[in-house]
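Residue strings, one per chain:
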Amino acid sequence: MSPLDRKLWRDLWRIKGQAGAIALVVAVGVALLVMMSGMLTSLTETRDTYYERYRLADIFAPVTRAPLNMLERLAVIPGVASVEGRIQGGALLDIKGQALPVRAQALSLPPHREPHLNGLYLSDGQKLTPGRTEEVILLSSFAKAHDLQLGDYLSATMHGARRSFRIVGFATAPEFLFTTAPGEFVPDDARFAVLWMNEDALAAAYDVKGAFNEALISLERGARPEPVLAAIDAALDRYGGLGAYERGDHMSDRFISEEINGLQATSLAVPPIFMGVAAFLLYIVITRLVQAEREQIGLIKAFGYTDWEVSLHYFKMVLVIAVAGAVMGCLLGIWAGRAMAGIYQSVYHFPFLVFRVDPQSFVSGVGVSILSASAGGMLVLRRVFALTPAVAMRPPAPMDFSRTGALNERLKGWLDQPSRMVLRRVFRNPGRILGAVLGIAVGMGLSSAQLSVMLGFDDTLDLTFGVIDRSDVAVSFFEPMPAKAAFDLAHLPGVIEVEPTRAVGAVLRNGLNSYRGSVTGLVEDARLNRAVNKNMGNIDMPENGIVLARALADILKIAPGDTLQVEVLEGKRPVLEVKVASIAETLLGSPAFMRMDTLNREMGEWGRVSGAYLRVDSGQLPVLYEAVKETPSVAGVSRREDSRAAMQKLMDTGAGAMRFVMAAIAGIITFGIVYNSARIAFGEQSRDLASLRVIGFTRGEASFVLLGELAIVVLLAIPLGIGIGYYLSFLIAAGFSTDLYQIPTVFRPQAFGTAAIAVVLASLISGWLVKRDIDKVNLVATLKTRE
Amino acid sequence: MNEDIPNTFVTKGLTKVYGEGPAAVHALRGVDLEIPRGEIVVLLGPSGSGKSTLLNIIGGLDRASDGVALFEDQDLTAMSDRALTRYRRDHVGFVFQFYNLMPSLTARENVELVTEIADDPMDVDEALRLVGLGERMDHFPAQMSGGEQQRVAIARAVAKNPTVLFCDEPTGALDSKTGRAVLHVLNDVNAKLGATVMIVTHAAATAAMAHRVIHFADGAIRRVETNETRLSPDEIAW
């Protein structure tokens, strides 16, 4: 090993604390990069493979009841590769030991063959035996949630009739990666089931013998979906087509696609912040090192080493720190990625999800860290070049503070000398101080914004379940019923109040902008489920006109006063022209509201309801549930408390860990900056500190001179961090809000408090580490050295 | 020795050992010494003879391994860190070879650094005039010559009205002209303020201006001389 390399390792060992802190910042940046891009690759590849292997349809075409020969008509539409017809319907499952019936979706499987499209992955048990109407295959996550075994019997109400089924297999399917009960947005394995049954059995149950009520279509490679959708709608129109839609509009795919998009955005935005901080730290640390070693540099040059050789020596130091951090980051990223894959696996039902990092992620992780580190290092190397041996070996002149002159007059009189020393150093190195302030502020802003957004979910819960929906139980019917059906519910045990509602599927259109959703009809003085305005006040449903959720109005680019086209997908499928009356605040979904009687009138169906919101006596719930199970028209019952609890649970599991990670991010960046700044200030000022001690300053007073500068940095960084976090939270909220859920941006003091505490703690720890060294300063030795 | 004048320092068996076992270095080997108040004392001796170590211990910068060092009847060797800080703050002025000024403070502010914490300081302007720097008090160290910086250091050391002024190679980094000017200042401080001045130096000629000269070798005092007639710094051969 050359003597210079030996010097390199010994120098690194000497500054191991600082080098470690920088490597840690690099490591976190690389770890996030590796984890996120790895997760991105894993999710995308797993999803695509899963979709392909189990032949997920490109187009879903629900229809009321179409004869089987229509499938041949669909198959010849140009661009269509294959077609499958199936029967699907809602069911209520009666689970032993549980009063509330569970909503389920039943799907048919063709006899004697695999389905052409939308296959399923049988994880346990066996396939259905043709002709056995009592056999079912159950969604495995649901089975797991209720501890159901193969051979167990299930009791289900389908189309008003109670039937008993035997479980023969457990399966997952690509169309159920993400399962929520209809109308809900949070997955809850226990509260929604999928059953696969023989075609005959379902045809009998739903009275669709010789017909299908959902067509699945796959497209030829490169075929444009729009003309195919139009052709399908035209073909199915007379059979009650409910509007064909693409895979991208399918709930399960929507959720996972949003997740992947979010991950992609984050993976591009977050790691660069760490790299920037690392580059800044390397710059200030190596600058200080070069300054302290100027005599050695002069000497080495005097011996005959070239500028390049000497520069390379210092550049190697940058490289070692960057590469060490990057390697640490790669390992950390893999570990974190595996843990994250576990979380994803619990939310999205992949049959397998192997966390796999694209080797390119490693390459780019290491490459990016080396590049950013070099950027910091290069600036310093200019100084190494500039040093001539003669200059380098002369003792350096005292640092010149005369340029801080303008400050001097003002400082006089109201500041003591130590405070002046602190302030003059701040003003002499404004760039360094600014860099440190900015670095800490960005780190803090990043974590406080993320935390703020996460805490905002509480608002989502409060608004959704406290203000908008104040019912205890929501009941939905299989099909639109006369209003009497809703009022019959009032006679069930424990029911205090009933509020009927009518929801119809519709495509909302404003020029080129359209949205496939539904219109909810509310009663005139809605109390249990309402539309509210910005001030949380009730919006009176206008006699004519429609009220749109803000997210929906944004998608449709429409404002109050404009006219909206509503293509109803049910009944006589009228196309309505309605004026937008006002905008409602919602955070879950993108609903549109009309007055129920107006909606019914426009539909040409008088006095119809599709469900009802109930206020009930909680003591009588079990009896009520029993009674509901016996009511044939009821398709589903959901308790608001359960929806809220499911959402809360999801937030809590993710949030606890995220809160910690976010605080750690702020903490690590702060620690890296404060600790390094402190070490550097200490290196530059150790003689000053020793002099102060000799003059008779106490340890505390001497430490103030050094740590005061850092206190200023931290005190400046915290308000700036709050400002950055505040605006960043709007960006994040806007970036992550979709029509499925909107992220509210509310100033959350706790979020900023947590991040600020992490910053202060990290500063205190680094200050304490350096204070220990100040206390250990050998007064005599320090004063006799020439800097 | 003169029995009428009280002693500033008395040491008995003062010993300092660095390290342990076979690697131990005996910097002081049982030094007995009395320094009367108000004298200029020059400590002479080769490098490593122990003179700086003695200065550091009685200056409150370092601790003895054994023995006693009394400052006006207070035992420095028994003092806590806090008490030693107090002692330096109230009684001691230091001047070093490399000045050790705060680069971020002007000449005046460097002196104020001390007057702010001292019990009975002198006027800052007066301290700077004493060292002949009345004109340049608002300059930063970077704007001054070596001699000027050293004079600021002396002003800073004397501004607290110290009982004792320790100077470790005060002229070591200066040319003869500036060196002499610095010695003049030290002479004045002794004469006008009555402070005991202890100077550690390699330059044997400096001894001619002292009341008392202590010769060090191998961690012990070889001999002590008193000058009947003292020379002015101008007369010292450099």
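Procedures and definitions
- Residues numbered from 1 in each chain as written.
- Chains lettered and ligands numbered in written order.
- Predicted model: local features only at pLDDT ≥ 70, side-chain atom pairs only at ≥ 80, totals over all residues.
- Heavy atoms only, no water.
- Helix = DSSP H or I, 4+ residues; strand = E, 2+ residues; numbered from the N terminus.
- Buried < 20%, exposed > 50% of the residue type's maximum accessible area, 1.4 Å probe, protein only.
- Contact = heavy atoms within 4.5 Å.
- Areas by Shrake-Rupley, 256 points an atom, 1.4 Å probe, with all protein chains shown as cover.
- Lys, Arg positive; Asp, Glu negative; His and termini not counted.
- Charge placed at Lys NZ, Arg CZ, Asp CG, Glu CD.
- Buried area = accessible area lost by both parts, 1.4 Å probe.
- Salt bridge = Lys/Arg side-chain N within 4 Å of Asp/Glu carboxyl O.
- Polar contact = N/O pair within 3.5 Å; in protein donor to acceptor, adjacent residues only side chain to side chain.
- Nonpolar A, V, L, I, M, F, W, Y, C, P; charged D, E, K, R; others polar.
- Axes fitted to C-alpha atoms, helices over the stretch in contact; angles between N-to-C directions.
- Parallel < 35°, antiparallel > 145°, perpendicular 65-115°, else oblique.
- Left-handed = near helix turned anticlockwise from the far one by under 90°.
- UniProt positions renumbered as here; feature names shortened; annotations may be inferred.
- Pairing = 2+ DSSP bridges.
- 1 Å grid on protein atoms, 1.4 Å probe; cavity = no way out; pocket = protein on both sides within 12 Å on 5 of 7 lines; lining within 4 Å.
- Points joined across faces, edges and corners; volume = space filled by probe spheres on them.
- Core = buried A, V, L, I, M, F, W, Y, C linked by side-chain atoms within 4.5 Å.
- Domains from an automatic or database assignment.
- Patch = residues over 30% accessible without salt bridge, like charges linked within 9 Å, V, L, I, M, F, W, Y side chains within 5 Å.

1. Side note on the overall build of chain A
Working step 1: The helix and strand inventory of chain A stands at 22 helices and 20 strands.
Working step 2: Expressed as lengths along the three principal axes of its C-alpha atoms, the size of chain A is roughly 100 × 55 × 50 Å.
Working step 3: A buried classification covers 56% of the 787 residues belonging to chain A.
Working step 4: Taking the contacts inside chain A whose residues are at least 6 apart along the sequence as the reference set, 82% of them involve residues at least 24 apart.
Working step 5: Surface exposure of chain A reaches about 32800 Å², of which carbon and sulfur atoms provide 59%.
Working step 6: Averaging the coordinates of the 77 positive side-chain charges in chain A and doing the same for the 76 negative ones gives two points 11 Å apart.

2. Thoughts on the interface of chain A and chain B
Working step 1: On the side of chain B, 32 residues touch chain A, which itself brings 32 residues to the contact.
Working step 2: Summing the contributions of chain A and of chain B, the shared interface buries around 2900 Å²; its carbon and sulfur component is 59%.
Working step 3: Applying the counting rule to chain A against chain B returns five salt bridges.
Working step 4: With its nearest N and O atoms 3.8 Å apart, the salt bridge here joins Glu112(B) to Arg420(A).
Working step 5: For the pair chain A and chain B, the number of links is nine residue pairs in polar contact (both at pLDDT 80 or more).
Working step 6: Where the side of chain A that touches chain B is concerned, the elements lending two or more residues are helix H13 (417-428), helix H19 (640-695), helix H20 (699-736) and helix H22 (779-784) of chain A.
Working step 7: When grouped by side-chain class, the residues that make up the side of chain A that touches chain B number twelve nonpolar, eight polar and twelve charged.

3. Digging into the pattern of salt bridges
Residues and elements named next belong to chain A.
Working step 1: Across all of its chains, the model carries 49 salt bridges over all chains by this definition.
Working step 2: Two residues, Asp94 and Arg162, come together in a salt bridge whose shortest N-O distance is 2.9 Å. In this pair, Asp94 is assigned in strand E3 (residues 88-94) and Arg162 in strand E8 (residues 161-172), connecting sequence segments 68 residues apart.
Working step 3: Among the ionic pairs, Glu605 bridges to Arg502, the shortest N-O distance being 2.9 Å. Placement of the pair is Glu605 in the loop between helix H17 (596-603) and strand E19 (608-616) and Arg502 in strand E13 (residues 495-510), with a sequence separation of 103 residues. Exposure class is identical for Glu605 and Arg502. Each is buried.

4. So, the packing of helix H7 (residues 251-292) of chain A against helix H10 (residues 359-386) of chain A
All names here are of chain A.
Working step 1: Running from amino to carboxyl end, H7 crosses H10 at an angle of 30 degrees, the nearest separation of the two axes being 8 Å. Classified by the interaxial angle, the pair formed by H7 and H10 is roughly parallel. Crossing hand, H7 versus H10: right-handed. Counted together, Met275, Ala279, Leu282, Tyr283, Ile286, Thr287 and Val290 of H7 and Val368, Ser369, Ser372, Ala373, Gly376, Leu379, Val380, Arg383 and Val384 of H10 form the full contact between these two elements.
Working step 2: In the contact of H7 with H10, the residues fall into eleven nonpolar, four polar and one charged.

5. Focus on the UniProt feature "domain: ABC3 transporter permease C-terminal" (unreviewed entry) in chain A
Working step 1: UniProt tags residues 273-388 and 661-770 of chain A as "domain: ABC3 transporter permease C-terminal" (unreviewed entry).
Working step 2: Within residues 661-770 of chain A, the helical portion is 86% and the strand portion 0%, while the C-alpha atoms at the span's ends are 26 Å from each other.

6. Let's talk about the sheet that holds strand E8 (residues 196-201) of chain B
Residues and elements named next belong to chain B.
Working step 1: In space, the six strands of this open sheet follow the order E6-E7-E8-E3-E9-E10, with mixed pairing throughout. A strand with exactly one partner marks an edge of an open sheet, and here the two such strands are strand E6 (92-95) and strand E10 (220-226). Each strand axis lies, on average, 20 degrees off the axis of its neighbour in the sheet, ignoring direction.
Working step 2: Sheet analysis places E6 next to strand E7 (residues 164-168), joined by four bridges and oriented parallel. Bridge pairing in E7 links Phe94 to Phe166.
Working step 3: This element, helix H1 (residues 51-58), spans strand E3 (40-44), E7, E8 and strand E9 (212-217) of the sheet and lies at about 150 degrees to E8.

7. Quick look at the sheet that holds strand E2 (residues 25-36) of chain B
Residues and elements named next belong to chain B.
Working step 1: Here four strands make up an open sheet; going across it, the order is E2-E1-E4-E5 and the pairing antiparallel. In this open sheet, the two edge strands, each paired with only one partner strand, are E2 and strand E5 (74-75).
Working step 2: Contacts between H1 and the sheet are confined to strand E1 (7-18), E2 and strand E4 (66-71), with E1 contributing the most and set at about 120 degrees to the helix.

8. Looking at empty space enclosed by the protein
Working step 1: Tallying each qualifying case throughout the model produces five cavities of 30 Å³ or more.
Working step 2: In this model, the largest cavity occupies a volume close to 120 Å³.
Working step 3: Along its surface, the largest cavity is lined by 16 residues, and Val694(A), Ile695(A), Phe94(B), Arg156(B) and Ala157(B) are the ones closest to its centre.
Working step 4: Those elements that provide at least two residues to the lining of the largest cavity are H19 of chain A together with E6 and helix H5 (146-158) of chain B.
Working step 5: In terms of residue count, the dominant contributor to the lining of the largest cavity is E6(B) (four residues).
Working step 6: The residue inventory of the lining of the largest cavity, partitioned by class, reads eleven nonpolar, three polar and two charged.

9. Quick look at the nonpolar core
Working step 1: Grouped together as the largest cluster of nonpolar side chains are 153 residues, with contacts concentrated most on Phe9(B) and Phe166(B).
Working step 2: The residue makeup of this core includes at least three contributed by each of domain 1 (1-59 + 246-397) and domain 3 (415-468 + 641-787) of chain A.
Working step 3: In contact with Phe166(B), other than residues within four places in its own chain, are Phe9(B), Leu55(B), Ile58(B), Gly59(B), Tyr87(B), Val92(B), Gly93(B), Phe94(B), Val95(B) and Met198(B).
Working step 4: By size, the runner-up hydrophobic cluster in this structure holds 42 residues, among which are Val136(A), Ile137(A), Ala143(A) and Val168(A).

10. Brief notes about the UniProt feature "domain: ABC transporter" (unreviewed entry) in chain B
Working step 1: Under the feature "domain: ABC transporter" (unreviewed entry), the UniProt entry names residues 9-236 of chain B.
Working step 2: For residues 9-236 of chain B, the helix share is 29%, the strand share is 28%, and the end-to-end C-alpha distance is 27 Å.

11. Some thoughts on the pairing of E2(B)
Residues and elements named next belong to chain B.
Working step 1: Sheet topology places E1 next to E2; nine bridges connect them, and they run antiparallel. Across the sheet, Leu14 pairs through a bridge with Val31, a residue of E2.
Working step 2: Between E1 and E2, which pair antiparallel and follow one another directly, the connecting turn spans six residues, one of which, Gly19, has a positive phi of 80 degrees.

12. Here's the deal with a nonpolar patch on the surface
All names here are of chain A.
Working step 1: A cluster of nonpolar residues, Tyr726, Tyr727, Phe730 and Phe747, forms a patch on the protein surface that exposes about 420 Å² of accessible area.
Working step 2: Examined against the element boundaries, Tyr727 turns out to sit in helix H20.
Working step 3: Given the relative accessible area of 59%, Tyr727 is considered exposed.

13. A few points about the environment of Ala265(A)
Working step 1: Here Ala265(A) shows up in helix H7.
Working step 2: Sequence-wise, Ala265(A) and Asp554(A) are 289 residues apart; in three dimensions their C-alpha atoms are separated by 21 Å.

14. Section: the pairing of strand E16 (residues 563-568) of chain A
Residue and element names in this part refer to chain A.
Working step 1: Burial along E16 is one-sided: Leu564, Val566 and Val568 are buried, and none of Thr563, Gln565 and Glu567, which face the opposite way, are.
Working step 2: Looking at chain direction, E13 and E16 are connected through four bridges and run antiparallel. Within the sheet, the bridge partner assigned to Leu508 lies in E16 and is Val566.
Working step 3: Pairing geometry for E16 and strand E17 (residues 575-584), over five bridges, is antiparallel. Bridge pairing in E17 places Glu567 opposite Val575.
Working step 4: With antiparallel pairing between neighbouring strands as the criterion, E16 and E17 make up a hairpin whose turn holds six residues, including Gly571 at a positive phi of roughly 60 degrees.

15. Side note on the packing of H7(A) against helix H9 (residues 307-347) of chain A
All names here are of chain A.
Working step 1: Put simply, H7 and H9 touch, their axes get as near as 12 Å, and they point 155 degrees apart. Taken together, the axis directions place H7 and H9 in an arrangement best described as roughly antiparallel. Seen along the crossing, H7 lies across H9 with a hand that is right-handed. In this structure, H7 uses Glu259, Leu263, Leu282, Ile286, Leu289 and Val290 to contact H9, whose residues at the interface are Tyr314, Met317, Val318, Ile321, Met340 and Tyr344.
Working step 2: Residue classes in the contact of H7 with H9 are distributed as eleven nonpolar, no polar and one charged.

16. Notes on the domain arrangement of chain A
Residue and element names in this part refer to chain A.
Working step 1: Domain boundaries assigned for chain A yield domain 1 (1-59 + 246-397), domain 2 (88-109 + 122-206), domain 3 (415-468 + 641-787) and domain 4 (495-616).
Working step 2: Of note, the centres of domain 3 and domain 4, computed from C-alpha atoms alone, are 47 Å apart.
Working step 3: Counting from both sides, the interface comprises twelve residues of domain 3 and, opposite them, 14 residues of domain 4.
Working step 4: Across the domain 3/domain 4 interface, buried area totals approximately 1200 Å², and carbon plus sulfur atoms make up 64% of it.
Working step 5: When the buried area of domain 3 at its contact with domain 4 is split by residue, Ile468, Asp739 and Gln742 rank highest and sum to 51% of it.
Working step 6: Linking domain 3 with domain 4 are two residue pairs in polar contact (both at pLDDT 80 or more).
Working step 7: Top contributing element to the side of domain 3 that touches domain 4 by residue count: helix H14 (residues 430-468), with six residues.
Working step 8: In terms of residue class, the side of domain 3 that touches domain 4 is built from seven nonpolar, three polar and two charged.

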